[in-house]
Every structure is written in structure tokens, then in C-alpha cells.
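# Working through the structure, step by step
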Amino acid sequence: MKIAIIGQGYVGLTLTAFASEHFDVVGFDSNGTLIHQLNSGISHIEGINSSLISERLSTGRYRATSKPSDIKDCNVVVIAVPTPLTKDRKPDLKFIDSACQTIGQNVTNPVLVINESTSFPGTLRNYIKPTIEKYSANRINHLYAISPERVDPGRTDFNQKNTPRLFSGLTPEASLMTRDFYSKFCDTLVEVSSPEVAEAAKLFENTFRQVNIALVNEFAQIAHSLGISVYETLDAANTKPYGFMKFTPSAGVGGHCIPVDPTYLAAVAEEHGAPATFIRRANEVNLEMSKYIVRRVVEDNGGNLQGKSVLVVGVAYKPNVADVRETAAELVIKHLRDHGAVVSWHDDVVGGWKGESSAPLQGADITVVVTKHDSVDEKKVLASAPYVFDTTGKVKSAKGL
Ligand SMILES: NC(=O)c1ccc[n+]([C@@H]2O[C@H](COP(=O)([O-])OP(=O)(O)OC[C@H]3O[C@@H](n4cnc5c(N)ncnc54)[C@H](O)[C@@H]3O)[C@@H](O)[C@H]2O)c1
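None of the values given here were measured: they were computed from a predicted structure.

### Looking at the site of the ligand
Contacts to the ligand come from 27 residues, most closely from V11, D29, T83, S98 and T118. Within the side chain of T83, one N or O atom sits 2.6 Å away from an oxygen atom of the ligand. Measuring from an oxygen atom of the ligand, one finds a backbone N or O atom of V151 at 3.5 Å. When the ligand is considered free in solution it has 830 Å² of accessible area, and contact with the protein chains removes 90% of it. Residue assignment for the shell around the ligand shows that the elements contributing at least two residues are α1 (10-19) and α4 (94-106). The element that contributes the greatest number of residues to the shell around the ligand is α4, accounting for three residues. Tallied by class, the residues present in the shell around the ligand amount to 13 nonpolar, ten polar and four charged.

Given below as C-alpha cells:
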């Protein structure tokens, strides 16, 4: 089988790495600069080594392209494009739409179309299939399936091979071919009864995380007001061998998934007349965490940050990745600047962000740790300012949540 993967970002390139061990893969992306970089053997994703990309290019197993017609000879087309929110925080399927257009206009023989992008239940059946058909000159009976991606970039213990994969086809034939495809590089396949169940399961997994993170963030504020350590309390609760799962507080949630996916679930719920108040509130609690942290920093510093130099350590949304999408650091920096602080940030994994560069880890009046990469030295953080506030629980002896 020849495979086309639309979108060569975190999900698409990770899938490319595994699939190209068994199949010929064409990686299609609308970003020409990225395609040039990939065809030069350079990976932009943590966990996917450039040497692997180079090896697959040299054996002819992989080719990156921004030419839509290059996908036409494939047997399987996988969609792995972003599914963000609009400015008014509604599901935005514009990238899915353009991927469907690419397929509709270029794939003229029947293929299996698999969607790996996260979206609300009904997307495959009611949006992807009709949109591809709308863009096709002749109606082609493609097979359609969903297999939501569960990759956690930067993670080493779970990957495409050992993470069970959910899937469902719109027809039994689509399910069968989907199983065939993934079974080459994935140990455990879990077929569910409909695409809608698979789509909903993916959203619920991330909503589970979002809600529990919000709960622990609220609890961190309660623990502080009671004068007890949130970390010690969580460790104590975690000694219960059943019925408890430990989440840790933070400056908020970031990345492309946790802050976004629950809103897809809430939107579709409300469209069907089912309230999603819990999901909406969890999102608010997580967003408000940055304000709470800055309030604590202000209180500890004489109620005023005017003119003070504040260094934010870590602007990636989580440790050991360069991904800054939806990072909580953005709101922390905004609120610090609203209080008159002169803010710079240190993050050598990210390097550059929003036209600013990583500053040295030294010489500040105040340091606020938002994300701590393993490469960041704890002693240097503590020496970087006379007052250090840590939101990660990793910088012992600093002030913190
Ligand atoms: N990043 C994660 O950890 C993760 C995990 C599970 C699921 N997901 C989901 O997977 C999907 C993709 O996320 P991602 O993190 O890989 O995004 P990404 O931004 O890293 O990559 C998406 C790529 O798609 C390209 N693209 C956009 N529209 C295109 C089009 N019409 N044709 C060709 N290329 C196009 C972009 O240029 C980009 O390179 C999203 O729905 C996301 O929610 C992401």
C-alpha cells in the first residue's frame, strides 16, 4: 500500500516515522518551508530523529511534498491537520475542509480515507465524507474511517507501537482495511462500534485530563489558604491504592489538545441541548490560574511590580518540548506586564517566540518558573533572582503553589 499523510506536524510526522517502516509514504503539507526542511532530512518534532527522516528519504520510502497531485496514486490517505478554535472559541474545521478539498480534487480512484485529527462526534460521517464528495468532479466511493491520534510528544514510554489505537470505519470494509494498515506498526487495535464512539472517546480522554487539572488547580488555592502544602497533601492522598489518580497543579494547561478538545465536546453537547457547565468551568479555572499566580507574586513583593525585572522560566507548554501552542506562559507574562513588570523569559528549548529571544538565566528581581525542562539547572534558577516563585513543584526551596 502507498500512503499519503496530509499534515506533517506532530501527529503526521510521527505517523510517517512508523508507517514508512512498512509502506511508501508521501507526506503532504501546505507549508513549503517545512517540506523543504523535511526533504533535506531535518525533523522538527521531538522524538523523531533527523537521521530517521534521512534514512527513509534515501531508501525512497518517504517523500515530502507540497504538490497536491502527488497524493493521487495512494491507497490510503490519512488526515492529520490542526483542529483549532475560532476567535469566539468554536470548533474551526477550516484545515479539515482544505484537506478534504485536496483529496476531493486529486484522488480519482477509490481509497481509504482515515481521519486522525481530533474533532467532535459526527465529523467523519457528516463533514469529511460529504466535503470530499463536494470537491470531487465525479462521485467516488471512498472508504472512510476514524482513528484518533493519542501521541504525547516528548514521551518515551508510550508511542505509536505500544499505545492501543481506537478505530472504526463507516463500513465493515473500511474497518477491515484500517485494521490491516495499523496492525503493521501498532500492537493493540481496539475497534469500536461507530466512528462517533471513537471521536467521542478521544474528546472524553482529554476532557478527563482538563477537568482533573482544573480540580487540582483549585485545590492548590484551597491548600494555600489553609496553610498546608498542596504537594504533601496530594502525595498523602496518592497512597490510596484505588479510586485516586494524582494530577499536579500548574500555571494552566497548554498544547494543542487539553485547552481545545473539551471545547469541541462542549460545543457539540450544547448543540444537542445537553449542558456542558462542568467542562466550561474547568476551562475557566485553568485560564484563571495565571492570574492567581501573578496575584501571589504581587502580594509577596510589596503589592507592586512596577519597573521590576521579572524572568519567566519556561515558555513551552510542557517540559522538554519546544511547543508553545496555548502555553500558560503567555497569560502569566501578560498579567505580569499589566502590573508594570519588565518581563523577559528564559527557555533555551524554545529559543525564539513572538519576536523575542530566550534571555540569560540570571540577574532578575523576580523569577517565575512556569515550565521546567530537565536541562534547566535548579541551582541556577534559585540564583537567578532574590525571589523565585515556582509553579511546577520542581524547584525545591522556592516559593510556590
Ligand atoms: N500534538 C499532539 O500532541 C496531538 C495529539 C493527539 C491528537 N492531535 C490532533 O491531531 C491533529 C493535528 O495536530 P498536530 O499537533 O499534528 O498539528 P501541527 O500543527 O503540528 O501539524 C499540522 C500540520 O498540518 C499542516 N496543514 C494544515 N492544513 C493543511 C492542509 N490543508 N493540507 C496539508 N497540510 C496542512 C500544517 O502546515 C502543519 O504542518 C489535531 O486535530 C490535533 O488536535 C494532536
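### Some points on the pattern of salt bridges
Within the structure shown, the criterion is met by 25 salt bridges. Here K90 and D88 are joined by a salt bridge, their closest N and O atoms 3.7 Å apart. Its relative accessible area of 47% is what places K90 among the partly exposed residues. The exposure class assigned to D88 is exposed, which follows from its relative accessible area of 52%. For the salt bridge of R139 with E133, the shortest nitrogen-to-oxygen distance reads 3.6 Å. On the basis of relative accessibility, which here comes to 61%, the residue R139 falls in the exposed class.

### Re helix α6 (residues 172-183)
Spanning twelve residues, α6 covers 16 Å between terminal C-alpha atoms, matching the ideal 16 Å at 1.5 Å per step. All of the buried residues in α6 are A174, S175, T178, F181 and Y182. Each buried residue of α6 lies within a common arc of 125 degrees when the element is viewed along its axis, so the set occupies one face. Opposite its buried face, α6 presents the exposed residues P172, E173 and L176, each directed more than 90 degrees away.

### With respect to the pairing of strand β4 (residues 76-79)
Of the two faces of β4, the one holding V76 and V78 and the one holding V77 and I79 are both buried throughout. Looking at chain direction, strand β1 (residues 2-6) and β4 are connected through four bridges and run parallel. Directly across from I3, in β4, lies its bridge partner V76. Bridging between β4 and strand β5 (residues 112-115) involves four bridges; their strand directions are parallel. Within the sheet, the bridge partner assigned to V76 lies in β5 and is L112. Remark: the β4/α4/β5 crossover connection has right-handed handedness.

### Some thoughts on the packing of helix α5 (residues 123-135) against helix α7 (residues 195-226)
Orientation of α5 relative to α7, taken along the N-to-C sense of each, is 105 degrees, at an axis distance of 9 Å. Between α5 and α7, the angle is such that the two are roughly perpendicular. Listed contacts from α7 to T123, L124 and R125 of α5 are P195, E196 and E199.

### What to know about the environment of V298
Mapped onto the elements, V298 comes out in helix α10 (residues 277-300). We classify V298 as buried; its relative accessible area is 10%. C-alpha of V298 to C-alpha of L336: the two residues are 38 residues apart in sequence and 8.8 Å apart in space. When residues no more than four places from it in sequence are discounted, the contact partners of V298 are G303, N304, L305 and H339.

### Things to note about the sheet that holds strand β3 (residues 62-65)
Read from one edge to the other, the open sheet built from eight strands follows the order β3-β2-β1-β4-β5-β6-β7-β8, with strand pairing classed as mixed. The open sheet terminates on both sides in strands that have one partner only, identified here as β3 and β8 (189-191). For this sheet the average axis-to-axis angle between neighbouring strands, irrespective of direction, equals 25 degrees. Along the sheet, α4 makes contact with β1, β2 (24-28), β4 and β5, crossing β4 at roughly 165 degrees. Packing against the sheet, α5 makes contact with β4, β5 and β6 (143-146), and its axis sits at approximately 140 degrees to β6.

### Regarding the packing of α10 against helix α11 (residues 328-338)
One can describe the packing of α10 onto α11 by two numbers: an axis separation of 9 Å at closest approach and a directional angle of 40 degrees. Classified by the interaxial angle, the pair formed by α10 and α11 is oblique. At the point where α10 passes α11, the crossing takes the right-handed sense. Mapping the contact onto sequence places L287, S290, K291 and V294 in α10 and L331, V332, H335 and L336 in α11. By residue class, the composition of the contact of α10 with α11 is five nonpolar, two polar and one charged.

Parameters and conventions
- Residues numbered from 1 in each chain as written.
- Predicted model: local features only at pLDDT ≥ 70, side-chain atom pairs only at ≥ 80, totals over all residues.
- Heavy atoms only, no water.
- Near = heavy atom within 4 Å.
- Polar contact = N/O pair within 3.5 Å; in protein donor to acceptor, adjacent residues only side chain to side chain.
- Areas by Shrake-Rupley, 256 points an atom, 1.4 Å probe, with all protein chains shown as cover.
- Helix = DSSP H or I, 4+ residues; strand = E, 2+ residues; numbered from the N terminus.
- Nonpolar A, V, L, I, M, F, W, Y, C, P; charged D, E, K, R; others polar.
- Salt bridge = Lys/Arg side-chain N within 4 Å of Asp/Glu carboxyl O.
- Buried < 20%, exposed > 50% of the residue type's maximum accessible area, 1.4 Å probe, protein only.
- Expected span 1.5 Å × (residues − 1).
- Arc of directions from axis to C-beta.
- Pairing = 2+ DSSP bridges.
- Right-handed = clockwise from strand over helix to strand, strands pointing away.
- Axes fitted to C-alpha atoms, helices over the stretch in contact; angles between N-to-C directions.
- Parallel < 35°, antiparallel > 145°, perpendicular 65-115°, else oblique.
- Contact = heavy atoms within 4.5 Å.
- Left-handed = near helix turned anticlockwise from the far one by under 90°.

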